[in-house]
Structures are given as structure tokens and as C-alpha cells.
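Single-letter residue listing:
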Amino acid sequence: MSQMIRPPIVLLKEGTDTSQGLPQLISNINACCAIVDTVRTTLGPRGMDKLVYQSEKNVTISNDGATVMKLLDIVHPAARTLVDIAKSQDSEVGDGTTSVVVMTGEFLKAAKPFLEEGIHPQIIIRAFRSACALAKQKIKELSIDIKPENMREFLEKCASTAMNSKLIASHKEFFSKMVVDAVQLLDDNIDLDMVGIKKESGGGMEDTQFIAGAAFKRTFFYAGFEQQPKKIVNPKVLCLNVELELKAEKDNAEIRITDPSKYQSLVNAEWKLFFDKLEAIHASGANVILSRLAIGDLATQFFADKKIFCAGRVPEDDLRRVCRATGAAIQNTITNIIPSVIGTCDLFEENQVGSSRYNLFTGCTKTQTATIILRGGGEQFIDEAERSLHDSIMIVRRARKHRSVVAGGGATEMEVSKFLRDFSLSIDGKKQLLINSYAKALECIPRQIADNAGFDSTDILNQLRQKHAQGEKWFGVDILNEGICDTYQSAVWEPSLVKLNSIVAATEATCLILSVDETVQNKAAEAPHAGPQMTQQSRQALARGRGVQAMRGR
Amino acid sequence: MSLAFDEYGRPFIIIREQQAKERVKGIEALKSHILAAKTIANIMKSSLGPKGMDKMIVSQDGDVTVTNDGATILDNMQVDNQIGKLLVQLSKSQDDEVGDGTTGVVVLAGSLLEQAESLIEKGIHPCRISEGYEVACKIATEHLKSISDRIEFSKENCEPLIKTAMTCLGSKIVNRYHRQMAEISVRAVLSVADLDRKDVNLENIKMEGKEGGKLEDTQLIKGVIIDKGISHPQMPKTIKDAKICLLTCPFEPPKPKTKNSIEITNAEDFKRLGEIEQQYFIDMVEKVKATGANLILCQWGFDDEANHLLLQNGLPAVRWVGGLDLEKIAMATGGRIVARFEDVSADKLGHAGLVREIGFGTTQDRYLSIEECPNTSAVTIFVRGGNKMIVEEAKRSIHDALCVTRNLIRDNRIIYGGGSAEISAGIKISSKADEIATVEQYAVRAFADALDAIPLALAENSGLAPIETLAAIKAQQLKDNNPRLGVDCNARNTNDMKEQHVFDTLPGKTQQLLLANQVVKMVLKIDDVIKQGAESDE
């Protein structure tokens, strides 16, 4: 018909960027692999740390996959899924964040040749899903249930395995005991807020104190504080949410007097209101007064006179921990304080920790909370130690609920991989190849552990494959002797939940990335710093990632 | 970071502002870190030991600081490099924890990293190096414990404490009078210490400095000094057997906190108001006078009218005393802080044997010194010196000495100084190293070599031939089996540190090793540095 140049149909808004098809898919995979390469060196006991500058003042040194990923500030939409799974692994089980990312990368890499050969992504997805289901089943079969009487040993081992790769690895026995002690104190609900971690720079790691009770840094204080008692045996603790200061009771009130002689009575009335409060507290018999709000100088001096200790502006979570430790209840008013809201413990003391002074409540008999005062040289050192402890606490907490365990050091992955490979031979069709490559991808964990330790990973993997073929299901990488060993015997234990969750999360993320073949990127959304404010939906739209807009050559 | 291209020639942008970001990886990163740490350690090296030199640091505003204290130098140097910052923090945490040995810890960390560098070049995995260091560190701390001595002291016999404090002050500018300074520090700590609980709150020792006078005029005052003068020039300047009234309320009619206004409708009322106000002042002064007080310290001010009234009643007063000073005075004099005039009573007064106002030379500055207090749990060290820099440095030095004394009260084990402990630990570690079968052996041996850095620096700073001196002492130590032999920095013709009375605290030394090791471990574990773009153009 007519050879006229048809005007282009403007379907999308100017500046909108679209790209689609196989190239898009491959490019997404490549982007993910680039990210995986960044974090893979942190895996395993010989994993290295990353130093990330955010600004001159703000530097993080970390070994924790989720932390590093978060700090990388990734904008590529497909690669961002990796950050999300690392985060979800972090919030779900708290550990194994690096391995989940490494695994996803390996699955994607495994899928790439198939895609290039023209296999439809959906077939790959289906095969991976079924492989994942089988792997899950296998892990459940493999896992060893722990008898309640061995509980403590089990928890300690899990805690120390989680610390293996961290900076505090050399003190893992010391810390794993502490972590288990802390978690065991909590009630069945296991509220993590009830384990307070205080950081105080200076001292060696061994100076870290575990307090089965509560502790907090001395708060701001007014004159008169030093005259208060600093050590009270069997204190009576009263926790308040009341401001103890001489102040206007109502902000917008105004008093007018016409007779100057009444002035004094006005002043007196105000004082009386205030002193009545203090007297009421004194009458309650409490001798340690803590308040979330300020305790003014007058009150401080009043309490000092009465041999009462007080601290104002105590942070809320500290106050809650004190309540849990001593059995006190936070009061919002000072009228009618009944004895049951006053808590107690064996000893209250103010003590020097490093360069600060801490208020310690120790010997709490029915405590359901614990505080760890973390020591170490340098802020960043302590920050990293805190992250490691947090991971370890999370692991212990999960392990306490799910009492089953598998061996670490890549042993479980090898066993699952062997199982899947055997299984793949029993089916025909494209699936056979796909499941086989999924199985091969699982081997990335032991390989990476060996690589990071500077071992010959091919050699180690061959030995491992052989052992597993012979039915030795717990053989993994031996870091100490550059070889392989039964990691179950050498007590490298991980809760089976961690493994389950990481395999499922990695497969899910892989499937998500594979199922995307088109990205529509709105220009507005590309504006810098628009990312975090995006809604969940638009973010998912963006998750169909792609390359650079400026270079697309159109 | 450079751009990555996929198979289709399209570049990726994965990370925000990717091009602007810098990334250093692997050995390269490690080496640049080690270099940074070494550079800083080399700066510090020359301030180590009794013959160590001072550094002069000029801040951006032109303030000059002259100091020998490692933590202060690093703090003021404004180190920009991240690894450098780790070292700054390292010396700061040594300062917080022990208060002394801040230079040594940095020198040690630098030397450990230097040793690690050559091991990395040999191809040993950094993690294995730090594992080896860990082993060596454990051997060293155990060994130090075994060669430590306990010193016995009591409130009466504080000679050993003074000796240790003297070692600490040895390297400082005050060392001309270091016996006197050490005595002052020890007496100050002992008077605030709770020997039963082994707790010392250094906040109860106030340090006040004033330029002018001589360094040896520095004195310990069992009481408090505040930089305030008596409020009226005609009031007496010296008060014996002072009964002090401590007030946190102003000399003026009380003001309710609730918003208020007085409506005056006729002249009669206005006059009455004036009278009432007058009456307030009279009442207040009366109340205080009735208790028998002969000195008033007030946290707030009072106007000339009140001041005059006080003068008429023969009540010397001081206004605008800081809250924390007031608290210290209350503790020292056994008084109670009074918040309103209704509560003033005789039993709340504080007592002091002597209160006097001191003036200095020709300056207008006035200090009020409250001395001979019944309770000595708050004391003041009053530092004098030729100029501001010296006063500041003397303050820092005394602070170090206070910390050392405190540590001894907490834990009375000592170790001999002069590098003897390091040499002895080094010998021990290298002998143990041969028993280790794995690659860690090299790292353990490297740790022993790194320990030599301290005696080497000591010898060098004292003008001795470092390597010869060290070799001689090492041989002597092995021959006599005497771990107390160290570098004779003061040329006293003996290498035995026990005879020289050069002591360090055991926790201080152990802490140095542990902290240095920790930082080294942290530096060795980093293999990847990711830098944000904007800040990276240094």
C-alpha cells in the first residue's frame, strides 16, 4: 500500500525505557553475578571482611552478607532482589546471608547456558522448583534431632558455628556460652529486645561482661548525684514515666493575683505539689528510682538526702529490661504506688566499665532478660562484634525452637547435591539436565569455602564427592588441616532451618529473576534517591531490571 | 569502579554512582592498609620512652598543643585514612581503659602489621596470620602473668605506687619534678579510692590549671578550687572554720513556674509590693544568718542590692558557682545542697577549715580555694606552669599517672618496664613457635619479632645503638634467666629494671597486646574496600 513513513506511535511516556527478551534476561543474570562476586569472599571461616565507606565519618567493616549488600547501595533492579533475599534471610534466621546470595548467583549461572541454547525459562523454573522441593525433603531427612538433655551443648555448638567466619572467631567458646546463657534466660516468646547489647570501647574481648539482669550507662545527672548511694544490697526499684522537676503543671495556665501578699502562697503551692510527689515516692519505700523522663536537680538533691539513688532519662528499652529483670512495673503516676510494682534484685551497683560508669542490676533471681556489655578496641571492631553476636543470638533462638541440626562446612550441600544428581538420572527429558546442573550449583558452597581459605578447591571437591559417593554423608571442608573431615564430628553444626531457608530463598530468587523478560523503567523513578520511597508495587515493576538507559543506543 | 559490559555490549549500572566509586581488592588493599598503619606508627615511634620527644600540633584555629601522649597526638592529627582512624581509636581505647601506654600500643600494632606484610608476600593467607598472632598473643599474656610481681601497698605505705606513677611520668615533660608529681597523683587517687571495692572514680579528682608560677608549685588540695571570687570586694577574703551554705536558688523573690501576673490597681498596693520584695531579701539573709553560716555559695546570681545586704550582714558570698563544682564542694565539706530558703538549717551546712581567695601575680583572676575539708573524697590538683601548653601537658601527664595508680589499686600486679617484658615475651614465643606444626608457626615467630619494636624504639630514642643493645639484653636475659632486664634508657648503668624501679601495670601491658592484636586482626581481615564517589577525591 502506501509507502508513507508512518508516524511513530507513542505508547509510553517520553523517557520511559523498555527492553525485553532474552538479552534482557542474560543481562539481568550478569548483573546478579557481578554482585555475588563482591560478597562471595566473605563466606566461610577464612572469609575476608569488607570495608565500605559511606562518608568520611561513617565507615563499616563487616563480614555479614546482609550488611555489606545493604551498604553497596545497589540500583540495578534485578540485582536488588539479591539484597532483598539477603535481608529476608537475615530477618528470618539471622545467619547464612552470604551463602544465600552465593547460591542464587550459582543457580543463575547454571541456568545461563540453557537459556542461551534456547530452553524456555519457564521449563528451567519448573525444574529448579522441583529440585528445590526434593532438596528440602532431603535436608529434613538428613537433619538430626537433638534430645532435650543435650540441648545446651547443641545450642553452644550452633552459636559457635555462626561465629566461625567473624572477627570474634578466636573467642567463640567464650561468646557462644554467653549467647546461649542470654537466650536461655528469656521466656518462650524469645523477644530479642530483651537481650541488650551495650558497646563500650576499650579493653579486650574477654573483658566482655555478661549480666543476668540489666545494665545501662549512667545517664545525665544533676548536682547532688554523687552524694547518692552507689551500692545498694537488695534495692527496691521503682520505674517511672514521670518527670520529676519543678515546672508549670499546665502549660497554658495563667494565674492572676491582685493582692501582693498572696504571692508567697502561690509559690508555696507549687512547691507543695512537687514535694508531695517526692514524698510519695519516698513513702513507697523504694530506694532506686529510675525514670524515662528527666529527674531535675531538686529531686536529685532530695533523693540524695534520703539515701535514694535516682536516674532520669533512662532509655526506654533499658528501662523495660530493668523491669523484666527486677519484676518492677513502669508507673505513669506517683499516686498509689503499691508494693507489687516495686522490683528487686540482689545488688545494685554503679561501676566503672572502660571510661564510662554503668549502673548494674545483678543477681536477679527471676530475670527474663540479659545484658551483654561488649568490649573491644575501636568502635568498628565493636560494631562488627555486635553484628556477629546478633547473628549468633538469632541462630540460637531459632535452634531452640527447631531442635534439629545438620553439619556445616559444606557437608550438607554436598550430600544434597549427590542425592539430586542420583535422582536426575532416574528421570528423562530436559529436566534431567536441569536438575543435574542445579545439583552442581549447590557445590558452590564448599568450593567457595575452600577458595577463600586459599585451598585448591577442585582437589577438595573431588575428595568430597568421592567420600559422599561412599556414603559418608557428613564430610565437609576441613579448614584447619587443608583437607576434608567429618564436620559433624568436629562440631560444625548449623540448625537445619538455616539450610532449608537458604535453599528455598535462593531458588525463589532465581526463579523470580528468570521469569522476567521485560523491563519498563519510568524516567521519574530513575531520579536519584527515589528508590527508597517507592511502593512495593512499583518496586516489583522495577525488579524486571535492565541495563543503562543512556547507553542503549537508540 | 569501572563499568562492566554484558555480551550485548551494554554496560551495567548496578550500584549507585558506580563510576564514581572506587574499589581496591585483595592483596593490593591489604598492602595499602599496612602502609598507612606503618606510617602512623613511625610518627609515634619517636615519642616512646623516657627519652621520647614531644610533638607540636597546630590546630586549624592556630591553637598549639605540645604533647607526648600518644592518644592526644593521634586525636589532634586529624587522620583521614580509615586504617589510620582505626589506629587512632586503638590508642583512644587504650587511653579509656588503661590511661597509659597509648604510644606503645600504636607502635606495636604498626610493627605487627609490618611483619604480616612480609608473610603475605610469602603467600600465607591473612586469616592464618591472624590466627597465628592470636596464638602468640595468648602465649605472651600467659607469660607476662607468670613473670609479674605483686606489689603490696596500703594507705600509709604508698611508696610502690609512687614508683609506678614515676615510670609513667618518666616520658613526660614534667619529669623534672616527677617525684613530686607522682606523689601528688598517688595521694589524690588514694584519697578518693574505695579500697574495699577496689573502685576509684576519677571524676572526684578535679584538675584545675593556671598558667604562671612554676611547675613545682603544683599542689594537691584536699578540697576544691573554683575559678570564682567573692562577690563583693569588701567582704573578707579569708575565712577560717567556714560554715558553708550551698544554695541552688537565686537571691531574689521566688518565681512560680506557672505563668503569673500581678495586677496592681492602686499606689498603695504598689508600695506594698516593693516592701514585700524588700522583705524577701531581708528574710533570706536572716534565715541564712540564723543557721550560723559564714559563707554562701550560690549556683545562681544575685543583684547588687542583695550583695550589699549580704555585706552589711557580714556574710561573704560567691555567685554563679557551677552545678558540678557545687556538688564537689558539697561532697568535700559534707554539706547538703539546699534548693530553697525555707530548708536552710544548721545541719545542712558544709564545713571547711580554710576558705580563701587567691589572686595570681598581677592578673585580675581570682580563685577560691576551699581547703582542710573534713571529707577528702573530693580533691583538686592545682597545676601551675610557665605557659598554657605546659599546664595542659602537665594535666594530661598527671591524668595518665592517676590512671596508672587506679589500675594498681584494682589489680596490684606489675611488670617491669624498659622493654624487658616485651623482650622476655618475645623469647618465650619464639621458643614455643617451633612446636607448632602448621603454617601458623611463621606468624607466631613474626609476632615475637614484632615485639622487639618496643625495646628497639626505646633504645633508639635514648641514643643507644638499637640493634646492639637489644641483642645484648636478649642474650643476657637468656643467660641469667632474668626477665627483668630491659633497656637502660636513663643511663643508670644497670639493665635490671627492678633496681631502676621502672614498673608498668600488668593489665596495662596485657591490654596493649590484646588491643594491638585485635586491630591487626581487623586490618588483616579486610580484602575489599568500597569507597563512595563524592568523598574519594582526596
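Under an unreviewed UniProt entry, the name given to chain B is T-complex protein 1 subunit epsilon, and the organism recorded is Polysphondylium violaceum. Within the UniProt record for chain B, the comment given under Subcellular location (unreviewed entry) is "Cytoplasm". Turning to chain B, the UniProt annotation filed under Sequence similarities (unreviewed entry) states: "Belongs to the TCP-1 chaperonin family."

Going by what an unreviewed UniProt entry lists, chain A is known as T-complex protein 1 subunit eta and is assigned to Polysphondylium violaceum. The UniProt entry for chain A carries the following text under Function (unreviewed entry): "Molecular chaperone; assists the folding of proteins upon ATP hydrolysis. Known to play a role, in vitro, in the folding of actin and tubulin."

Draft legend 1. Focus on the overall build of chain A. Assigned secondary structure in chain A consists of 17 helices and 22 strands. In chain A, which comprises 554 residues, the share counted as buried stands at 59%. Restricting the contact set of chain A to residue pairs at least 6 apart, pairs at least 24 apart contribute 76%.

Draft legend 2. Layout of the interface of chain A and chain B. Taken residue by residue, the interface counts 106 residues in chain A and 83 residues in chain B. Taken over both partners, the interface formed by chain A and chain B buries close to 8,500 Å², and the fraction arising from carbon and sulfur atoms is 52%. Between the two partners, chain A and chain B, sit 6 salt bridges. Between lysine 525 of chain B and aspartate 49 of chain A there is a salt bridge whose closest N-O contact spans 3.2 Å. Between the two partners, chain A and chain B, sit 10 residue pairs in polar contact (both at pLDDT 80 or more). If you tally residues by element for the side of chain A that touches chain B, the top one is helix H1 (residues 21-39) of chain A, at 9 residues. Two elements, strand E10 (residues 254-257) of chain A and strand E9 (residues 259-262) of chain B, share 4 bridges in a ladder whose sense is parallel. Directly across from arginine 256 of chain A, in E9 of chain B, lies its bridge partner serine 261 of chain B.

Draft legend 3. Quick peek at a negative patch on the surface. Together, Asp451, Asp456, Asp459 and Glu482 of chain A make up a negatively charged patch on the protein surface. Relative to the helices and strands, glutamate 482 of chain A resides in the loop between strand E19 (475-478) and strand E20 (483-486).

Draft legend 4. Spotlight on a nonpolar patch on the surface. Residues and elements named next belong to chain B. The grouping of Met56, Val58 and Val64 at the surface amounts to a nonpolar patch, some 280 Å² of accessible area in total. Topologically, methionine 56 is positioned in strand E2 (residues 55-58). Accessibility expressed as a relative area gives 58% for methionine 56, which makes it exposed.

Draft legend 5. Structural context of helix H3 (residues 77-92) of chain A. Over its 16 residues, H3 of chain A runs 23 Å from end to end, which matches the ideal 22 Å to within 8%, given 1.5 Å per residue. Those residues of H3 of chain A not exposed but buried are Pro77, Ala78, Ala79, Arg80, Thr81, Leu82, Val83, Ile85, Ala86 and Gln89 of chain A.

Draft legend 6. Looking closely at the side chain of serine 356 of chain A. Residues and elements named next belong to chain A. The topology assignment puts serine 356 in strand E16 (residues 356-362). Here glutamate 200 takes part through its side chain, which lies 2.8 Å from a polar atom of the side chain of serine 356. The contacts of serine 356, once residues within four sequence positions are left out, are Glu200, Lys217 and Asn351.

Draft legend 7. Region of the structure containing the environment of valine 106 of chain B. Residue and element names in this part refer to chain B. With respect to the helices and strands, valine 106 occurs in helix H4 (residues 102-122). Linking valine 106 and asparagine 42, residues 64 residues apart in sequence, is a C-alpha distance of 9.2 Å. Residues contacting valine 106, with those up to four places away along its chain left out, are Ile40, Ala41, Met44, Leu74, Leu87, Leu90 and Ser91.

Draft legend 8. Up close: the sheet that holds strand E21 (residues 493-495) of chain A. All names here are of chain A. Strand order in the open sheet formed by 3 strands is E4-E18-E21, with antiparallel pairing between adjacent strands. This sheet does not close on itself; its edge strands, each paired only once, are strand E4 (144-145) and E21. Bridge analysis of strand E18 (residues 404-407) against E21 gives 3 bridges, and the strand direction is antiparallel. Note that in E21 the partner of valine 405 across the bridge is proline 495. Sitting on the sheet, helix H6 (residues 151-163) touches E18 and E21, and the angle it makes with E21 is about 100 degrees.

Draft legend 9. Examining the packing of helix H4 (residues 97-116) of chain A against helix H14 (residues 444-452) of chain A more closely. Residue and element names in this part refer to chain A. In contact at an axis separation of 10 Å, H4 and H14 are set at 115 degrees when each is read in the N-to-C sense. Both H4 and H14 take part in a crossing whose hand is right-handed. Side by side, H4 and H14 meet where Ser99, Val102, Met103 and Glu106 of the first sit next to Cys444, Ile445 and Arg447 of the second. Looking at the contact of H4 with H14 residue by residue, the classes come out as 4 nonpolar, 1 polar and 2 charged.

Draft legend 10. Up close: the domain arrangement of chain B. Domain boundaries in chain B define domain 1 (22-150 + 419-531) and domain 2 (223-375). Inter-centroid distance (C-alpha atoms) of domain 1 of chain B to domain 2 of chain B is 54 Å.

Draft legend 11. How the structure looks around the sheet that holds strand E1 (residues 22-25) of chain B. Strand order in this open sheet of 4 strands is E3(A)-E2(A)-E18(B)-E1(B), and the pairing throughout is mixed. Pairing within the sheet leaves two strands with one partner each, and these edge strands are strand E3 (59-62) of chain A together with E1 of chain B. Across the sheet, the mean angle from the axis of one strand to that of its neighbour is 10 degrees, orientation sign disregarded. As judged from the 4 bridges shared by strand E2 (residues 49-53) of chain A and strand E18 (residues 526-531) of chain B, these two strands associate in the parallel manner. The residue bridging leucine 51 of chain A from the neighbouring strand is valine 529 of chain B, located in E18 of chain B.

Draft legend 12. Region of interest: the pairing of E19 of chain A. All names here are of chain A. The pairing of E19 with E20 spans 4 bridges and is classified as antiparallel. Bridging from a neighbouring strand, valine 477 pairs with isoleucine 484 of E20. Where E19 folds back onto E20 in an antiparallel hairpin, the turn is made up of 4 residues, including glutamate 482, whose phi is positive at roughly 50 degrees.

Draft legend 13. Region of the structure containing the state of the cysteines. Residues and elements named next belong to chain A. Following the criterion strictly, the structure yields 0 disulfides over all chains and no others. With no disulfide of its own, cysteine 323 lies 3.7 Å from the sulfur of cysteine 239, the closest cysteine sulfur. Residue classification places cysteine 323 among the buried residues on the basis of a relative accessible area of 10%.

Draft legend 14. Layout of the pairing of E3 of chain A. All names here are of chain A. By the alternation rule, side chains of E3 split into Val59 and Ile61 and Thr60 and Ser62, which are all buried. Here E2 runs beside E3; their pairing, made up of 4 bridges, is antiparallel. Across the sheet, residue tyrosine 53 finds its bridge partner in E3, namely valine 59.

Draft legend 15. Region of the structure containing helix H9 (residues 297-305) of chain A. Most of H9 of chain A is tucked away, with 7 of its 9 residues classed as buried. Taken together, the buried positions of H9 of chain A are occupied by Leu298, Ala299, Thr300, Gln301, Phe302, Phe303 and Ala304 of chain A.

Draft legend 16. Focus on the pattern of salt bridges. Taken as a whole, this structure holds 51 salt bridges over all chains when the rule is applied. For arginine 46 of chain A, the salt bridge goes to glutamate 131 of chain B, with nearest N and O atoms at 2.7 Å. Pair noted here: arginine 46 of chain A is in the loop between H1 and E2 and glutamate 131 of chain B is in helix H5 (residues 126-147), and the two residues belong to different chains. With relative accessibility at 29%, the residue glutamate 131 of chain B sits in the partly exposed group. A salt bridge links lysine 31 of chain B to glutamate 121 of chain B; the nearest nitrogen and oxygen atoms lie 3.4 Å apart. Here glutamate 121 of chain B lies in helix H4 and lysine 31 of chain B lies in helix H1 (residues 26-45), a separation of 90 residues in the sequence. Look at lysine 31 of chain B and you get partly exposed, because its relative accessible area is 30%.

Rules used throughout
Residues numbered from 1 in each chain as written. Chains lettered and ligands numbered in written order. Predicted model: local features only at pLDDT ≥ 70, side-chain atom pairs only at ≥ 80, totals over all residues. Heavy atoms only, no water. UniProt positions renumbered as here; feature names shortened; annotations may be inferred. Helix = DSSP H or I, 4+ residues; strand = E, 2+ residues; numbered from the N terminus. Buried < 20%, exposed > 50% of the residue type's maximum accessible area, 1.4 Å probe, protein only. Contact = heavy atoms within 4.5 Å. Buried area = accessible area lost by both parts, 1.4 Å probe. Salt bridge = Lys/Arg side-chain N within 4 Å of Asp/Glu carboxyl O. Polar contact = N/O pair within 3.5 Å; in protein donor to acceptor, adjacent residues only side chain to side chain. Pairing = 2+ DSSP bridges. Patch = residues over 30% accessible without salt bridge, like charges linked within 9 Å, V, L, I, M, F, W, Y side chains within 5 Å. Areas by Shrake-Rupley, 256 points an atom, 1.4 Å probe, with all protein chains shown as cover. Lys, Arg positive; Asp, Glu negative; His and termini not counted. Charge placed at Lys NZ, Arg CZ, Asp CG, Glu CD. Expected span 1.5 Å × (residues − 1). Axes fitted to C-alpha atoms, helices over the stretch in contact; angles between N-to-C directions. Left-handed = near helix turned anticlockwise from the far one by under 90°. Nonpolar A, V, L, I, M, F, W, Y, C, P; charged D, E, K, R; others polar. Domains from an automatic or database assignment. Disulfide = S-S within 2.5 Å.

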